[in-house]
Amino acid sequence: MRFDRLLFPKGEVILAHVLQCGQAFRWVWNSNKNYYATSMLLNDSLGYKIVILRQKDESTIEYSIYKDDSDKSFDALRTCLQHYLRLDVSLEKLLSEWSAVDKNFVNKCHRGVRVLGQEPWETLCSFICSSNNNISRITKMCHSLCGEYGKEIGNLDGISYYSFPSSNDIVHKASEEHLRELGFGYRARYIIGAAKLMHQDKPVSMSDTEYIKSWHKKLSKPEIRERFLAFPGVGPKVADCVCLMGMQMDDVVPIDVHMQRIAERDYRFNATANKAEELKERYKALPLTRKSMNIKLELAREMFASKWGPYAGWAQGVIFAQEINKTVGATTEDMHLVKRVKKEEEKSSSATLEVKVEGIEYSNTGRPMRWASKKVNYNV
Ligand SMILES: Nc1nc2[nH]c(O)nc2c(=O)[nH]1
């Protein structure tokens, strides 16, 4: 099997950190063979392939394609990975810039966590699933979407890999009832609604991702955010995650109750109510933004954005990854949706799910230290 190498400055990418920090939900870790695999769309002519990644050392990743050793596919994958891992951005440089203005970044180890450049349609669906949820269950939902409505790409080491379903696939193959049977709960309605809206808005000649990316040409950043807010199941936090990870809007800082807690605890941030009118005035032309806005969270968002600058979303990613390390399987709460969904959550029965978490543990320098295997209980 052919493996090519991606080289980068030491510590820029640590797969165990970046693929398991609640941004991407379809990577499968093979603990026996020490690799990550997923299906990835290389380009329109090559389609989806099973892609394998393994970390060789702190400055090298090896990549391969299942059952395809052609130069054409390897060239396409290299281009995809450079974009996916955003290798154009120097994390080291950003960390030193943030350290200069923010003592929370000083003398701390934040290696290898970067914002991924993901497909916007997949990011939108994944983060609709993420509301009020934990990483393990979001992962399960994303795999279910692919397994039920995507196309099978192949089977590697006993695991089948599928394409991520398009809005067309979901509209024609899925139903709210079936999604509920698969464990999506109230999110079933949102996924169906989002697929319908996308399918109806998008020109037939364009893929979901091409269509969403085309917004960059005609809309401002706040208008793009407003477009995402029109999808069912999307509040400000989810919209911001999609803008950041699916649209490369690097300055966008997703805020939820966890980030709000960090703002108060580590930044002594205290929102002042008298800014409410000013914010409402600013978003006059963006009715969904205005309606869904939580003033306290919006002010925290602004505080972080002005402190961290043009890559503020990346700084949030580092802080967020650290926070979920403290609480494995953190939930995402989108305040806008919480009240609406609480009632439905109450209706569904509660149970405890035991999940075995496996992976390499990394030392402070990013070196793989030992195998980790622990059982974690989630309340579901
Ligand atoms: N970098 C971030 N990743 C996330 N995952 C998730 O569910 N929420 C976030 C987030 O706010 N930032």
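Residues numbered from 1 in each chain as written. Predicted model: local features only at pLDDT ≥ 70, side-chain atom pairs only at ≥ 80, totals over all residues. Heavy atoms only, no water.

Caption draft 1: Inspection of the overall build of the chain at higher detail. Of the regular secondary structure elements, the chain holds 17 helices and 11 strands. Burial statistics for the chain: of 380 residues in total, 54% are counted as buried. Contacts in the chain between residues at least 24 apart in sequence constitute 68% of all its contacts with a sequence separation of at least 6. Of the roughly 17,700 Å² of accessible surface on the chain, 50% is carried by carbon and sulfur atoms. (Helix = DSSP H or I, 4+ residues; strand = E, 2+ residues; numbered from the N terminus. Buried < 20%, exposed > 50% of the residue type's maximum accessible area, 1.4 Å probe, protein only. Contact = heavy atoms within 4.5 Å. Areas by Shrake-Rupley, 256 points an atom, 1.4 Å probe, with all protein chains shown as cover.)

Caption draft 2: Layout of the sheet that holds strand β5 (residues 60-65). Spatial ordering of the open sheet is given by β1-β5-β4-β3-β2, a layout of five strands whose pairing is antiparallel. Either end of the sheet is taken by a strand with one partner, and the two such strands are β1 (4-7) and β2 (28-30). Across this sheet, the average inter-strand angle for adjacent strands is 35°, counted without regard to direction. As defined by bridge partners, strand β4 (residues 47-57) adjoins β5 across six bridges and the pair is classed as antiparallel. (Pairing = 2+ DSSP bridges. Axes fitted to C-alpha atoms, helices over the stretch in contact; angles between N-to-C directions.)

Caption draft 3: Structural context of the packing of aromatic side chains. Inspection of every chain in the model, using the stated rule, returns 13 aromatic pairs. Ring centres of W29 and Y36 lie 4.6 Å apart, and the angle between their planes is 40°; this geometry places the pair in the tilted category. In this structure W29 comes out as buried when scored by relative accessible area, which is 16%. Relative to Y190, the ring of Y186 lies with its centre 6.0 Å away and its plane at 75°, an arrangement referred to as edge-to-face. On the accessibility criterion, Y190 (3% relative accessible area) is buried. Sitting over the ring of F3, R54 keeps its end group 3.6 Å from the ring centre. Of note, R282 hangs over the ring of Y283, and the distance from its end group to the ring centre comes to 5.8 Å. (Phe/Tyr/Trp six-rings, centres within 6.5 Å; stacked < 30°, edge-to-face > 60°. Lys NZ or Arg CZ within 6 Å of the ring centre and 35° of its normal.)

Caption draft 4: Region of the structure containing helix α15 (residues 295-308). End to end, α15 covers 20 Å across 14 residues, agreeing with the expected 20 Å (1.5 Å per residue, within 8%). Just downstream of α15, G309 is the residue with a positive phi angle, here 80°. (Expected span 1.5 Å × (residues − 1).)

Caption draft 5: Representation of the pairing of strand β3 (residues 35-43) in the model. For β3, the buried fraction is high: seven of the nine residues fall into the buried class. With three bridges joining them, β2 and β3 adopt antiparallel strand pairing. In the sheet register, N30 faces β3, and the bridge partner there is Y35. If you look at the hairpin formed by β2 and β3, you'll find four residues sitting between the two strands, and N34 has a positive phi there, around 65°. Examined bridge by bridge, β3 and β4 share seven bridges and lie antiparallel to one another. Among the inter-strand pairings, L41 is bridged to a residue of β4, identified as Y48. Here β3 folds back onto β4 in antiparallel fashion, the turn holding three residues.

Caption draft 6: A look at the confidence of the model for the chain. The predicted model of the chain has a mean per-residue pLDDT of 87, with 85% of residues at 70 or higher. Confidence drops under a pLDDT of 50 for residues 327-331, and excluding neighbours within four residues, the segment shows 13 contacts in the predicted structure. Considering only residues more than four positions removed or in separate chains, one finds that residues 335-342, a stretch of pLDDT under 50, has 17 contacts. Across the predicted assembly, pTM comes out at 0.87 and ipTM at 0.96. (pLDDT = per-residue confidence, 0-100.)

Caption draft 7: Summary view of the side chain of E298. For E298, the position within the fold is in helix α15. The class of E298 is buried, set by a relative accessible area of 4%. Not counting residues within four places of it along the chain, the set of residues in contact with E298 comprises R225, L279, Y283 and M293.

Caption draft 8: A look at the layout of surface pockets. Roughly 800 Å³ of volume is contained in the second largest pocket. For the second largest pocket, the lining is made up of 31 residues, of which M40, L41, Y48, E119 and T209 are closest to its centre. At the level of elements, β3, α2 (71-84), α4 (120-130) and α9 (208-218) are the ones that each hand at least two residues to the lining of the second largest pocket. The biggest single contributor to the lining of the second largest pocket is β3, with six residues. When its residues are assigned to classes, the lining of the second largest pocket shows 12 nonpolar, 10 polar and nine charged. (1 Å grid on protein atoms, 1.4 Å probe; cavity = no way out; pocket = protein on both sides within 12 Å on 5 of 7 lines; lining within 4 Å. Points joined across faces, edges and corners; volume = space filled by probe spheres on them. Nonpolar A, V, L, I, M, F, W, Y, C, P; charged D, E, K, R; others polar.)

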